[in-house]
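# Summary of structural features
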Amino acid sequence: MKIQNTLSKIATLLVAGSLSFGVIAAEDAHGVKLATEEALKASQQALEQAKAGQKEAAIASSKLYRQKAKEITGHGAGISLQKAMGSAKNAATDLEAGDTAAAIEKLTDVVTRMTEINNETK
């Protein structure tokens, strides 16, 4: 159990460190695709961490997802992305409150939406 807590804290620090780079909107099609892929990956990590009971790491990955999602512009930046970002924020709130089941449900929605957005982004 101590090892899992230590690994969770390390993951949280790594994700938090990557947040410090700030948000820069993608300026071309390649940048939008890259931002979409990074947001999808962060949402998948948040879901996996929540399922594994790594609360702090899942919260950090959810925050990273929201930062990456803010970089998405153009067609991908529609209502589905807005709903996904709201779900990610609510999932982090659920995790902080200890409601992992609700967080997993919301993060599953985020991953589903981001997968669709990623598939539509060229």
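Each remark here, short or long, concerns the structure printed above.
So, on to the environment of S43. Along the chain, the position of S43 falls in helix α2 (residues 29-51). When the C-alpha positions of S43 and S62 are compared, they lie 6.3 Å apart, and in sequence the two are 19 residues distant. When sequence neighbours within four positions are dropped, the list of residues in contact with S43 reads Y65, V110, V111 and M114.

Our focus in this paragraph is the nonpolar core. By size, the foremost hydrophobic cluster in this structure holds 16 residues, and its most contacted members are Y65, I72, L81, V110 and M114. Counting only elements with at least two residues in this core, the list comes to α2, α3 (55-69), α4 (79-97) and α5 (100-120). Ranked by residue count, the leading element in this core is α2, at 5 residues. By size, the runner-up hydrophobic cluster in this structure holds 11 residues, among which are A46, L47, A58 and A92.

Procedures and definitions
- Residues numbered from 1 in each chain as written.
- Predicted model: local features only at pLDDT ≥ 70, side-chain atom pairs only at ≥ 80, totals over all residues.
- Heavy atoms only, no water.
- Helix = DSSP H or I, 4+ residues; strand = E, 2+ residues; numbered from the N terminus.
- Contact = heavy atoms within 4.5 Å.
- Core = buried A, V, L, I, M, F, W, Y, C linked by side-chain atoms within 4.5 Å.
- Buried < 20%, exposed > 50% of the residue type's maximum accessible area, 1.4 Å probe, protein only.

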